[in-house]
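Residues per chain, in single letters:
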Amino acid sequence: MFQERHALLPRETHDEAARYAFVSSLRKMFTVELFPGMRTVYQQRQLPAFEAKHGRAPNSVREASELMEKSAYYRGANIIGRAAQELLWDTVGESVERQLDTLDEAAKPRAGDLGTVRTNRDMEIPRYIDTVDIHVMPGNFHTELSSEDTYAGALYDRGVHVFSFGGLGPRNDGLGVAQAAFIKERFPDLKPRRILDMGCGPGFTTLPWKDAFPDAEVHGIDIGAPQIRYAHGRAEALGKAIHYSQQNAAATDFPDGYFDIVVSMLVTHECPQPVIRGIFKEAHRLLAPGGVTLHDGGGTMPHDPFDNLLMSWFGDNVNEPFSAGFKSLDYDKAFVEAGFDPGKIVRGTREPVYLKGQLPPINFIGAVKE
Ligand SMILES: C[S@@+](CC[C@H](N)C(=O)[O-])C[C@H]1O[C@@H](n2cnc3c(N)ncnc32)[C@H](O)[C@@H]1O
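Conventions and cut-offs
- Residues numbered from 1 in each chain as written.
- Predicted model: local features only at pLDDT ≥ 70, side-chain atom pairs only at ≥ 80, totals over all residues.
- Heavy atoms only, no water.
- Pairing = 2+ DSSP bridges.
- Helix = DSSP H or I, 4+ residues; strand = E, 2+ residues; numbered from the N terminus.
- Axes fitted to C-alpha atoms, helices over the stretch in contact; angles between N-to-C directions.
- Contact = heavy atoms within 4.5 Å.
- Buried < 20%, exposed > 50% of the residue type's maximum accessible area, 1.4 Å probe, protein only.
- Polar contact = N/O pair within 3.5 Å; in protein donor to acceptor, adjacent residues only side chain to side chain.
- Disulfide = S-S within 2.5 Å.
- Phe/Tyr/Trp six-rings, centres within 6.5 Å; stacked < 30°, edge-to-face > 60°.
- Lys NZ or Arg CZ within 6 Å of the ring centre and 35° of its normal.
- Core = buried A, V, L, I, M, F, W, Y, C linked by side-chain atoms within 4.5 Å.
- Near = heavy atom within 4 Å.
- Areas by Shrake-Rupley, 256 points an atom, 1.4 Å probe, with all protein chains shown as cover.
- Nonpolar A, V, L, I, M, F, W, Y, C, P; charged D, E, K, R; others polar.

### Examining the sheet that holds strand E6 (residues 287–296)
Thought 1: An order of E1-E4-E3-E2-E5-E6-E8-E7 is seen for the eight strands of this open sheet, with the pairing classed as mixed. Of all strands in the sheet, those with a lone pairing partner are strand E1 (116–118) and strand E7 (345–350), marking the two edges. Within the sheet, the average angular offset between the axes of one strand and its neighbour, ignoring direction, is 15°.
Thought 2: Pairing between strand E2 (residues 194–198) and strand E3 (residues 217–222): five bridges, direction parallel. Paired with Ile 195 across the two strands is Val 218, which belongs to E3.
Thought 3: Its contacts with the sheet put helix H7 (residues 174–186) on strand E5 (259–264), E6, E7 and strand E8 (362–368), and the angle it makes with E7 is roughly 125°.

Right, here's the structure in full:
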């Protein structure tokens with residue numbers, strides 16, 4: 001699946017395109033063949049050998065992990081998964097760096113823009129972001145190379161498309177489209193005046209809200225200035241009126257009750273539990289009565305040690321140190337502590353928009369403000 005061209009999207013040379021295609025195939029092979037194959041190896045080879053020796057199955061993640069480490073298939077698949085991730089950023093990064101001046105220039109705000117952009121020179125970057133390159137992405141989402149830098153935004157736009165082998169669609173917006181459709185279906189009478197996408201990154205998950213509710217004022221916030229600058233240029237290039245600002249989702253400068261919908265997508269799995277709780281609390285403050293907040297997540301860590309090991313793969317191998325805390329959070333308690341009524345918690349799943357049947361369903365968790 002090809003990525004839709006727009007004025008901000010980095011262009012690739014012939015050789016870069018060939019490398020993208022290679023990394024994408026490697027990522028796809030890992031995701032749809034090697035990763036699921038770990039279960040076959042466990043069930044057909046490692047588990048029977050363990051049971052024959054101990055008379056029982058592994059009873060902890062550590063035992064399951066030690067058992068799988070004895071398999072050359074498992075060790076090889078892990079190496080390929082990690083190597084594909086590193087190759088991804090090397091490949092896309094080189095291409096973005098080559099044309100960064102052009103991208104920085106194209107993203108600048110101009111008279112007649114449909115939306116607005118606001119960065120904050122004094123933004124304090126929290127330690128959980130500053131100390132870990134999430135997804136092994138060099139510099140994470142926030143590092144700035146200049147005062148007008150868009151590098152991390154452009155890197156993530158091209159990177160996600162290559163990483164997901166196009167599985168999020170031509171605009172990388174599959175998750176945002178699914179989230180907006182979920183809210184429209186579950187709350188057909190909701191007529192939002194203002195909508196906030198927290199941790200919007202390059203805006204993949206922000207634009208679908210403008211499409212779903214064209215009359216609403218749509219805002220996107222992110223802790224990273226390069227994301228915000230890139231997101232603004234991208235939204236203008238795609239003809240969408242969005243208001244972007246650099247803000248911490250757990251402590252924004254919007255007034256109480258300003259929004260009718262407050263969402264995040266792929267943000268909370270990168271945050272420590274106290275930050276997730278802070279985001280839910282801020283969502284409660286920002287919502288008007290009858291407003292809805294919705295986030296991805298709400299699943300639980302499986303009990304079976306091997307399932308648990310597989311679920312922790314990204315956390316363990318590609319720098320997502322907070323994903324285990326995200327999965328084991330007591331969501332009901334977190335929403336109630338944030339101020340929501342226990343009877344107003346919302347849960348649901350939706351099929352992915354693209355590559356149906358190949359990608360897992362998306363879990364949603366949220367709450368309605370009384
Ligand atoms: C994986 S990206 C998701 C981007 C977008 N929502 C999507 O699904 O494509 C996570 C984003 O959350 C942002 N982020 C993490 N913690 C944040 C916080 N406390 N406040 C605002 N943004 C945050 C990161 O900078 C990053 O851009």
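### Describing the side chain of Thr 293
Thought 1: Following the sequence through the fold, Thr 293 ends up in strand E6.
Thought 2: By relative accessible area, Thr 293 is classed as buried at 0%.
Thought 3: Within the structure, Thr 293 has its side chain in polar contact with the side chain of His 295 (distance 2.8 Å).

### Considering the state of the cysteines
Thought 1: This model, assessed by the stated rule, comprises zero disulfides.
Thought 2: Cysteine Cys 200 shares no disulfide, and the gap to the nearest cysteine sulfur, in Cys 271, comes to 13 Å.
Thought 3: Accessibility expressed as a relative area gives 3% for Cys 200, which makes it buried.

### Let's talk about the packing of aromatic side chains
Thought 1: Going through the model one piece at a time under the given rule, you end up with 17 aromatic pairs.
Thought 2: With a centroid separation of 5.8 Å and 50° between ring planes, the pair formed by Phe 30 and Phe 35 is classed as tilted.
Thought 3: Residue classification places Phe 30 among the buried positions, given a relative accessible area of 2%.
Thought 4: Taken together, the ring pairs connect Phe 280, Phe 326, Tyr 331, Phe 335 and Phe 340 into an aromatic cluster.
Thought 5: If you follow Lys 184 out to its NZ or CZ, it ends over the ring of Phe 213, 5.0 Å from the centre.
Thought 6: Here the guanidinium or amino end of Arg 194 rests over the ring plane of Tyr 258, the centre of that ring lying 4.0 Å away.

### What about the nonpolar core?
Thought 1: The biggest cluster of nonpolar side chains holds 73 residues, and the ones touching the most others in it are Met 38, Met 68, Ile 183, Trp 209, Tyr 244 and Ile 261.
Thought 2: Per-element tally for this core: the top contributor is helix H1 (residues 14–54), with nine residues.
Thought 3: Among residues more than four places away in sequence, those in contact with Ile 261 are Ile 183, Leu 190, Pro 192, Arg 194, Ile 195, Leu 196, Trp 209, Phe 213, Leu 287 and Val 292.
Thought 4: Judged by nonpolar contacts, the second largest core, of 30 residues, contains Phe 254, Phe 259, Leu 286 and Tyr 331.

### Quick word on the site of the ligand
Thought 1: Within the structure, the ligand sits among 20 residues, and Tyr 128, Gly 199, Asp 222, Ala 249 and Met 265 are positioned closest to it.
Thought 2: In the model, a nitrogen atom of the ligand is placed 3.2 Å from a nitrogen or oxygen of the Ile 223 main chain.
Thought 3: Asn 248 has a polar side-chain atom sitting 2.9 Å from a nitrogen atom of the ligand.
Thought 4: Starting from 600 Å² of accessible surface for the ligand in isolation, the protein chains cover 98%.
Thought 5: The residue inventory of the shell around the ligand, partitioned by class, reads 12 nonpolar, six polar and two charged.

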